[in-house]
Amino acid sequence: MHRPAMYKTILVPFDGSALSGRAVPVAVALARRCGARLILALVHDPSAYIPFVPGEVAIPVYDAELVSEHRKQDQAALDAALAELATQGISATGVLLEGTIVEALVEYAQSAGVDLTVMTSHGRRGFARLRLGSVATAYLTRATAPVYLVRGSGSDATPELPVGTLLCTLDGSPFAEAILPHARVFAEAAGLTMGLFSVAVPHAMPMAPFGAEALLADDSAMVLEEAGRREYLTRIASECPPGTTVHSVTDMSAARAIIDEATRTAAGALAMATHGRGGLKRMVLGSVIDEVIRHTHTPVLVYRPS
């Protein structure tokens, strides 16, 4: 079997907050295991604090002194984070970017050849710049390399590398399968085994003359579909590292089934393709994957196929 290439450059979007810092230990551990270059990126975005002059039409006022002061504060926060890492014997590079956050991060990640971005999701109460629904979601839809989302809340413990199984969700489409090469790399880098998981969702059928739809399960059809999915997962598993497990279920909610499976198996992390179009209707950002990210306590490896 072809050995996947390990990470060479890992990016951590950082804003100086404790919550954004939760992604750093995970990125450090991965960088150490792979011998990868670690980069902390902080975006200085003047538009976030430029004041407006009130009136019939609010007019933004550029205050050079204010912008300079905030830039100094951002640089100081970045320098402090790098200094803290240095005291632990960790070598990292810091970069202060200029512009709107998502655009600056995406552009830099592409120009620097970043192989993996590690960032915090579910940020709230002070983590406004990297919260799901704004920066994290926007970055996911534009990043050309995988993104590993570390849980930003729900535990006071310092995040560490996941242990156990990397649970890869598949739906039978080539789009969803695009996560597999990246899952193999991450699993090897983190020391995880792989598990393949699929959800069969009963289809809604029109119920005339009631003018509504109802979910009807044809038992024989469901048995055939489940058998087909097991056969499909087994075939895919044969192309994955030894020890890869397979499992499929039938559930009215794909997101709920994925979250339940991650909990049942104590999965170390989930791996999913995102921003699906044409054939991946059930796993698009804003539906299944968005719901999974918002409700699971399990970190998620996300990849957006080109």
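Residues numbered from 1 in each chain as written. Predicted model: local features only at pLDDT ≥ 70, side-chain atom pairs only at ≥ 80, totals over all residues. Heavy atoms only, no water.

Draft legend 1. Region of the structure containing the side chain of Asp15. Turning to its location among the elements, Asp15 is positioned in the loop between β1 (9-13) and α1 (18-21). Among the polar contacts listed, one links the side chain of Asp15 to the side chain of Ser20, at a separation of 2.7 Å. (Helix = DSSP H or I, 4+ residues; strand = E, 2+ residues; numbered from the N terminus. Polar contact = N/O pair within 3.5 Å; in protein donor to acceptor, adjacent residues only side chain to side chain.)

Draft legend 2. A look at helix α5 (residues 135-142). Residues of α5 that are buried: Val135, Ala136, Thr137, Tyr139 and Leu140. In this fold, the buried residues of α5 make contact with β1, α4 (101-111), β6 (116-121), β7 (147-151), α10 (288-295) and β14 (300-303). (Buried < 20%, exposed > 50% of the residue type's maximum accessible area, 1.4 Å probe, protein only. Contact = heavy atoms within 4.5 Å.)

Draft legend 3. Main features of the packing of α4 against α5. Two elements in contact, α4 and α5, have axes whose closest approach is 9 Å; the angle formed by their N-to-C orientations is 35°. Note that α4 runs across α5; the crossing there is right-handed. Between α4 and α5, the contacting residues are Ile101, Val102, Glu103, Leu105, Val106, Ala109 and Gln110 on the first element and Val135, Ala138, Tyr139 and Arg142 on the second. Residues of the contact of α4 with α5, tallied by class, amount to eight nonpolar, one polar and two charged. (Axes fitted to C-alpha atoms, helices over the stretch in contact; angles between N-to-C directions. Left-handed = near helix turned anticlockwise from the far one by under 90°. Nonpolar A, V, L, I, M, F, W, Y, C, P; charged D, E, K, R; others polar.)

Draft legend 4. Region of interest: the nonpolar core. By size, the foremost hydrophobic cluster in this structure holds 52 residues, and its most contacted members are Leu30, Val118, Phe186 and Leu196. Once residues within four sequence positions are removed from consideration, Leu30 is found in contact with Ile10, Leu116, Val118, Leu161, Phe186, Ala189 and Ala190. (Core = buried A, V, L, I, M, F, W, Y, C linked by side-chain atoms within 4.5 Å.)

Draft legend 5. A look at the sheet that holds strand β2 (residues 37-44). Pairing in this open sheet of 10 strands is mixed, and the strands run β5-β2-β1-β6-β7-β14-β13-β8-β9-β12 from one edge to the other. Pairing within the sheet leaves two strands with one partner each, and these edge strands are β5 (93-98) and β12 (245-250). Going from strand to strand, the sheet's axes swing by 25° on average, the running direction of each strand aside. The pairing of β6 with β7 spans five bridges and is parallel. Counterpart to Met119 in the pairing with β7 is Leu149. (Pairing = 2+ DSSP bridges.)

Draft legend 6. The arrangement of the pattern of salt bridges in detail. Counting across every chain of the model gives five salt bridges. For Glu261, the salt bridge is made with Arg264, and the minimal N-O distance between the two is 2.8 Å. Residue Glu261 and its partner Arg264 are located together in helix α9 (residues 254-264), separated by three residues, close to a single helical turn. (Salt bridge = Lys/Arg side-chain N within 4 Å of Asp/Glu carboxyl O.)

Draft legend 7. A look at the packing of aromatic side chains. Here the structure, examined in full by the defined rule, presents one aromatic pair. Ring centres of Tyr148 and Phe186 lie 4.6 Å apart, and the angle between their planes is 35°; this geometry places the pair in the tilted category. Separated by 38 residues along the polypeptide, Tyr148 in strand β7 and Phe186 in helix α7 (residues 179-190) bring together distant segments of the chain. Tyr148 sits in the buried class, given a relative accessible area of 1%. For Phe186, a relative accessible area of 0% gives the class buried. (Phe/Tyr/Trp six-rings, centres within 6.5 Å; stacked < 30°, edge-to-face > 60°.)

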